[in-house]
Each structure stands twice: as C-alpha cells, then as structure tokens.
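Residues per chain, in single letters:
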Amino acid sequence: MSNNPPRIRMTGVQRRSQLIDVGRGLFAAKGLDGTTIEEIAAFAGVSKPVIYEHFGSKEGLYTRVVDHEFRILLDSITAALTEEAKPRVLVERAALALLTYIEDRSEGFRILMRDAPPSQPEGAFSTLLSQVTARVEHILSDEFDRRGFSAEDGAMYAQMLVGMVAMTGQWWQDSRRPDKQTVAAHLVNLAWNGLTGLQKDPELKSGA
C-alpha cells in the first residue's frame, strides 16, 4: 500500500490559475523564448497536453500572464487617478501605485517590460503608459487652464510626467532604495516644483 498522499484534483479554474503562477515565475526569469513548455509542465506537475488544453500553446499562456499583470497594474493606477483629490495628490498616488505594484509583483513587472505578446505587438508596458498618459492629460487640463497653458502643452507635459515616473520605476525595481514613499515624494517634487523650485526635504501631501 502506497504511503504517498492522494493527489488533489484541481478544477479547471484552479489549474489555469496554477499554470499562470508557474508561467509568470518562469517567464520573468527566462523570458518567453528562454522558457520551454516542458519546463512549465514539470514545474506545475502536469503533462504538456494539460497546458495545451487550457491555453493552446506556450504563447497563449504567456499572453494570459501578460494580460493578467497588465490589468492589475492598470486598475491600480486608474483607481489612484480617479479619486477625488487635487492634481498633485493624484500624481503622488499614481506614482505610489506603480511603485507598490513593482514592490508586490516584481515578476509581473519584469514580464511587462520584456517580450511583447501577440495581443499587444507594440509592447504591454507601452500600451499601459499610453492609457495612463491619456488619464493624466485629462487631470492636468484644469490645472493648465488655470495657468493659461494650451491643451497641446498639457498633452506634452502628460507624456513627460508619465515617462519620468515609468523610468524611475524601472530604476527602483532593482535598487529598492530609498523606500517607495521617499521616491514618490522626490518624483512629485521634481514634477510639481521644477528644478528651480525644488524643496530640500519633500514630503507627500496625500498622507500615504
């Protein structure tokens, strides 16, 4: 009589979730091309046909992983940008949302920065930044109207602001120093005050 515990049978939803988790780890470490379907199957403890049954191919699993991470990050930043608050506080919250995602889901961020899935040939992170930029442009519009800036300027500044936050996030992914609140405070310090108006010890206004 075998002493091995009986294998727990997963539902289809549980199996897909498991394969997405396994795929995320492998894709983050090795990339799409560097990961084989055999490795995914071995780490998940399933046969290759199980992966084909749920996702059709390795690329199908990769696309599902990217879409999952894309939605988590976009929803987080969108939630930060749609709350009722002054524009500066919204920018702070959006920067913190990105840094928190990087902190909590570093594997997901590496994947978003890496190979483009077939569903987003221009790149998942580029697609996300385009959507976030459109929201930031809308938020900045009132502030620019108040200061007498043109709508064209607002669109350009939105690109600058989102690009600055995104590049800083990529740098912070590996350094993780200083802490995310300090990084976000300095980001908004530069974005809001400009080089000539930098505060020596910036602090977040949102209480985050």
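Further up the page is the structure itself.
Residues numbered from 1 in each chain as written. Predicted model: local features only at pLDDT ≥ 70, side-chain atom pairs only at ≥ 80, totals over all residues. Heavy atoms only, no water.

K.L.:
Which parts of the structure should I look at to understand the packing of helix H7 (residues 124-147) against helix H8 (residues 151-175)?
P.N.:
Packed helices, taken two at a time, are described by their axes: the angle between them and the distance between them. Their axes nearest at 8 Å, the elements H7 and H8 cross at an angle of 130°. Between H7 and H8, the crossing angle belongs to the class labelled oblique. Note that H7 runs across H8; the crossing there is right-handed. Of the residues in H8, those in contact with Phe125, Leu129, Val132, Thr133, Val136, Glu137, Leu140 and Phe144 of H7 are Asp153, Gly154, Ala155, Tyr157, Ala158, Gln159, Leu161, Val162, Ala166 and Gln170. Each residue belonging to the contact of H7 with H8 can be placed in one class, and the counts come to twelve nonpolar, four polar and two charged. (Axes fitted to C-alpha atoms, helices over the stretch in contact; angles between N-to-C directions. Helix = DSSP H or I, 4+ residues; strand = E, 2+ residues; numbered from the N terminus. Parallel < 35°, antiparallel > 145°, perpendicular 65-115°, else oblique. Left-handed = near helix turned anticlockwise from the far one by under 90°. Contact = heavy atoms within 4.5 Å. Nonpolar A, V, L, I, M, F, W, Y, C, P; charged D, E, K, R; others polar.)

K.L.:
I tried to follow the environment of alanine 124 on my own but got confused; where do I start?
P.N.:
Inspection of the secondary structure puts alanine 124 in helix H7. The exposure class assigned to alanine 124 is buried, which follows from its relative accessible area of 3%. Separated by 31 residues in sequence, alanine 124 and alanine 155 have C-alpha atoms that sit 21 Å apart. (Buried < 20%, exposed > 50% of the residue type's maximum accessible area, 1.4 Å probe, protein only.)

K.L.:
Is there a simple way to explain the packing of aromatic side chains in this structure?
P.N.:
Any aromatic ring pair is given by two values, namely how distant the centres are and how the planes are angled relative to each other. Tallying each qualifying case throughout the model produces three aromatic pairs. Note on phenylalanine 27 and tyrosine 62: the rings are 4.9 Å apart at their centroids and 85° apart in plane angle, and the pair reads as edge-to-face. Here the residue phenylalanine 27 occupies a position in helix H1 (residues 12-34), and tyrosine 62 occupies one in helix H4 (residues 58-82), the gap between them amounting to 35 residues. Side by side, phenylalanine 27 and tyrosine 62 carry an identical accessibility label, which is buried. Ring centres of tyrosine 101 and phenylalanine 109 lie 6.5 Å apart, and the angle between their planes is 70°; this geometry places the pair in the edge-to-face category. On the accessibility criterion, tyrosine 101 (4% relative accessible area) is buried. Among the aromatic residues, those joined into a ring-pair cluster are Tyr101, Phe109 and Phe125. For the cation-ring pair, arginine 176 lies above tryptophan 172, with the distance from its terminal atom to the ring centre recorded as 5.2 Å. (Phe/Tyr/Trp six-rings, centres within 6.5 Å; stacked < 30°, edge-to-face > 60°. Lys NZ or Arg CZ within 6 Å of the ring centre and 35° of its normal.)

K.L.:
Would you mind showing me how to read the nonpolar core here?
P.N.:
Across soluble globular proteins, nonpolar side chains have a tendency to be buried as a group. Residues Phe27, Leu73, Ile77, Leu81, Leu128, Val132 and Val136 are the most contacted members of the largest nonpolar core, which totals 58 residues. Not counting chain neighbours up to four residues away, the residues in contact with valine 136 comprise Leu81, Ala158, Leu161 and Val162. (Core = buried A, V, L, I, M, F, W, Y, C linked by side-chain atoms within 4.5 Å.)

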